[in-house]
Structure formats: structure tokens, C-alpha cells
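So you can see what is in the structure, the chains are spelled out below.
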Amino acid sequence: MTGAVHLGVALEGYGWHPEAWRHTTATAPVTGGRYWTELATTAERGLLDFVTFDDSLTAQRRRRAEIDARWLAGRPDAVLVAARVAPVTRHIGLIPVANTTHTEPFHVSKAIATLDFVSHGRAGWQVRVSASRHEAELFGRRDPDALGDLFDEAADAVGVVRRLWDSWEDDAVIRDTATGRFVDRDKLHYIDFAGPFFSVKGPSITPRPPQGQPVVTALAHNRRVYEFAAGSADLVFVTPAGDDAVTAVLDEVALAGGGRLLVYADLYVTFAGLVDERSDAEVFAGTPAQLADTIERWHRLGVDGVRLRPAVNSADLPVIVDEVVPILQQRGVFRTAYSDGESLRHRLGLPTAGNRYAAKGNS
């Protein structure tokens, strides 16, 4: 692939190593806003495309219900963290994880739409499902043994969210003092979605987001999730195991129908040798120049971008920003400035999102 390199960073706790808390220099807690704003402004200083904020329905990022005393435990809500970060950043995209299995799509739609408003068009959403029994038992509303195909449900959830984003036309709010009308009711639409998992009438309570459709993303490791991403997302995060696997994964995504998807490859990054052998992403443990080489090489192999997962946020993110990015800039493959007023969709090269209901003129 030719053209500029695209880079994002994934933020999780004190870092992606489960015991990153033992190695961090951060003094603020992960439950406080200052910690996250400092990370996001650092990433923005590096002119990165976006930051993603990880989340889960359990206190720790693990599949088991039991708490491991060695790991960081406790986390804030990712969507609320992104909303806290939005006012102190100007350019970088903000993509929180939000779960579809135990969260109503109506709530997700208004939360991400609100994030798009407060960030002036920089919002995205990383879709996640929850397959574990102990997570279902936290809610107590569903039979943990009868969850079914979670990606069929997730596809319907994304479909509902996208329709709710379109349920207000862009110019529905008119504020006409002469006639006393705040809103043009003809430009609000019932979505009338009916499926096996949801029956939603609409419209949303939140006007259409500035981007029309905030960027929808998903992390995928296998064919089933590639198929979900192909039908529901704009961008898919993949986890190739080294150079040889990059092309194979891209071929798998295309065969699953994802030829139109943006593909970002995930890479766990440590500059201090703090390796996590359990990582689902390829582990990089080298120098800034070697990381720049890997990013360029994977870009040439065909990925649209690379999302870096710092082992320890306070240690590895500044190296990415202050050493890796300048190397890429010196090589002429990474931006040297943001474009003012640029939405996240525009930065990623996604088309302007039309409104399905305005085009049809129905209500």
C-alpha cells in the first residue's frame, strides 16, 4: 500500500501489561479524569489518528470471574472517559468501547452521538460483545446459557444505532422565532426497526451527530467476527502474528466480505522489555527505529493503519510520540500537522455519511 502511514493508540488501564501498575510513573489514578486527559493530550501531540479507550463488564481484563490480586482491578466507563477527554483535545479521534450484549442500542446511540457533539465530530465506537456467564450474571436479565449468536445480535444493535443517528435530519432544528417552532417535525423519523433481538420505534432523543455517522469499529480475530465487521463496521482491528500473517489476515477479511473496510493491525509495544506472552496481538520489544520499520513494513503489506498498545502507558506512549513519530515524519510517511476542523471520518478517508431517511423522504 502506498500513501501516508496511519497510527492510532489503544489505552487500557495503566497499560496493556496486566501488571503495568507496578511500572507506571503516573501518579493520578485510572479512575480520575486527569490521568486520561494527560494520555490523550500526549497522543494528540504525536498527531495520532485516534485513541481508543478499552472497557469491559468486569473489574479486570480477563475471562475468569475471579479477581487476580496481581492485576489492576477497577475501571471507569470508557464512553464517559472519552467525554471527559473531549474538551481538552482539539483534533485526535476518540473511540470508546461499548458493549452490545447487555446495553440497549438506544443508550449507546445517544451516548456516542453526544460524544460526537462535545468533540465536534471526532467520535467513534468500538463494538464489543460479552459471551461469559459471569458477566451475564452481573446484570441478571438474561439466561447465561442461552445467549445465542452474539454477533447476530450485535449486528442488529449496530443497525439500530445507525438508524437512530439518522432519525434526525441534519437541519431538523430550525429555531424559528417568528413561527415559534424549535424543530421541524417533518425532519424527525421513526426508524420502526423490528428484529429477533430489538423492536425500536425511535426517533432518538439526540439530534443527528456532526459526522452523521460516527466511526464504527470492531476488534476481530476470526472469520465470524470479520463477517460481522464487514456488515456493520467502518474499520476493523486485526491481530496478525508477525509479518507473514499480515497478508493472510487481509485476505481473510476480504473473503469475509470486508473489502471496503479500513484495516488497522494491532501491535503490543514495549521499549523496556515488559513482554506479555498472553497478548492476543503481536508483541514488539525493540527500539523506536525498529518499530518505525515495522509500521512501514506492515503498511506496505496492505494494512491501512497500525494501532499500538503500550505495555505501560506512562513509559511507552511518550516514546511513541517523541521518538517513533519523528522518525516516520523524517521518512516522509507521517503527517506533520493536523488539518483544522477535520472530522474523524474525513481523516480516515471515509465518505460523507448520507441520511437514509432524508433521501427517501419518508417519516
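Named according to an unreviewed UniProt entry, the protein chain is F420-dependent methylene-tetrahydromethanopterin reductase originating from Mycolicibacterium vaccae ATCC 25954.

All right, on to the UniProt feature "binding site: FMN" (unreviewed entry) in the protein chain then. With numbering aligned to this structure, UniProt lists the feature "binding site: FMN" (unreviewed entry) at Asp55. Setting aside anything within four residues of it in sequence, one finds Asp55 in contact with Arg75, Pro76, Asp77, Ala78, Val97 and Arg128. At a separation of 3.0 Å, a polar atom in the side chain of Asp55 contacts the main-chain amide nitrogen of Ala78.

This part is about helix H5 (residues 150–166). The α-helix advances 3.6 residues per turn, and as a result positions three or four apart in sequence lie on the same side. The first and last C-alpha atoms of H5 sit 24 Å apart over 17 residues, in line with the 24 Å expected at 1.5 Å per residue. In terms of burial, H5 is a largely internal element, 14 of the 17 residues being buried. Where H5 begins, one side-chain oxygen reaches toward the backbone nitrogen of Phe151, 2.9 Å away; that side chain belongs to Asp149.

On to the packing of aromatic side chains, then. This model, assessed by the stated rule, comprises 8 aromatic pairs. Between the aromatic rings of Phe50 and Phe237, the centroid separation amounts to 6.0 Å while the plane-to-plane angle is 65 degrees, which identifies the pairing as edge-to-face. One end of the pair, Phe50, is in strand S2 (residues 50–53); the other, Phe237, is in strand S10 (residues 235–238), and 187 residues separate them in sequence. Through successive ring pairs, a cluster of aromatic residues spans Tyr14, Tyr35, Trp36 and Phe53. Here Lys201 stacks its cationic end above the ring of Tyr190, 4.7 Å away from the centre of that ring. Lying over the aromatic face of Phe237, Arg307 brings its terminal NZ or CZ to 3.7 Å of the ring centre.

Right, let's get into the pattern of salt bridges. Using the criterion set out here, one finds 24 salt bridges in the structure. Across the pair Arg224 and Asp149 runs a salt bridge whose closest N-O atoms are separated by 3.4 Å. Placement of the pair is Arg224 in helix H6 (residues 223–232) and Asp149 in the loop between helix H4 (133–139) and H5, with a sequence separation of 75 residues. For Asp266, the salt bridge is made with Arg309, and the minimal N-O distance between the two is 2.7 Å. In this pair, Asp266 sits in strand S11 (residues 262–269) while Arg309 sits in strand S13 (residues 305–310), placing the two residues 43 residues apart along the sequence.

Position of Ser279 among the secondary structure elements: in the loop between S11 and strand S12 (282–284). Looking at Ser279, the relative accessible area reads 19%, which means it is buried. Looking at Ser279, its side chain comes within polar contact range of the main-chain oxygen of Ala281, at 2.9 Å. The residues contacting Ser279, other than those within four sequence positions of it, are Tyr268 and Arg309.

Before going further, it helps to spend a moment on the environment of Arg345. On the secondary structure map, Arg345 appears in helix H10 (residues 344–347). Look past the residues within four positions of Arg345 in its chain and what remains in contact with it is Gln211, Gln213, Pro214, Val215, Asp234, Leu350, Pro351 and Ala353. A polar atom in the side chain of Arg345 sits 2.7 Å from the backbone oxygen of Pro351.

Rules used in this analysis
- Residues numbered from 1 in each chain as written.
- Predicted model: local features only at pLDDT ≥ 70, side-chain atom pairs only at ≥ 80, totals over all residues.
- Heavy atoms only, no water.
- UniProt positions renumbered as here; feature names shortened; annotations may be inferred.
- Contact = heavy atoms within 4.5 Å.
- Polar contact = N/O pair within 3.5 Å; in protein donor to acceptor, adjacent residues only side chain to side chain.
- Helix = DSSP H or I, 4+ residues; strand = E, 2+ residues; numbered from the N terminus.
- Expected span 1.5 Å × (residues − 1).
- Buried < 20%, exposed > 50% of the residue type's maximum accessible area, 1.4 Å probe, protein only.
- Phe/Tyr/Trp six-rings, centres within 6.5 Å; stacked < 30°, edge-to-face > 60°.
- Lys NZ or Arg CZ within 6 Å of the ring centre and 35° of its normal.
- Salt bridge = Lys/Arg side-chain N within 4 Å of Asp/Glu carboxyl O.

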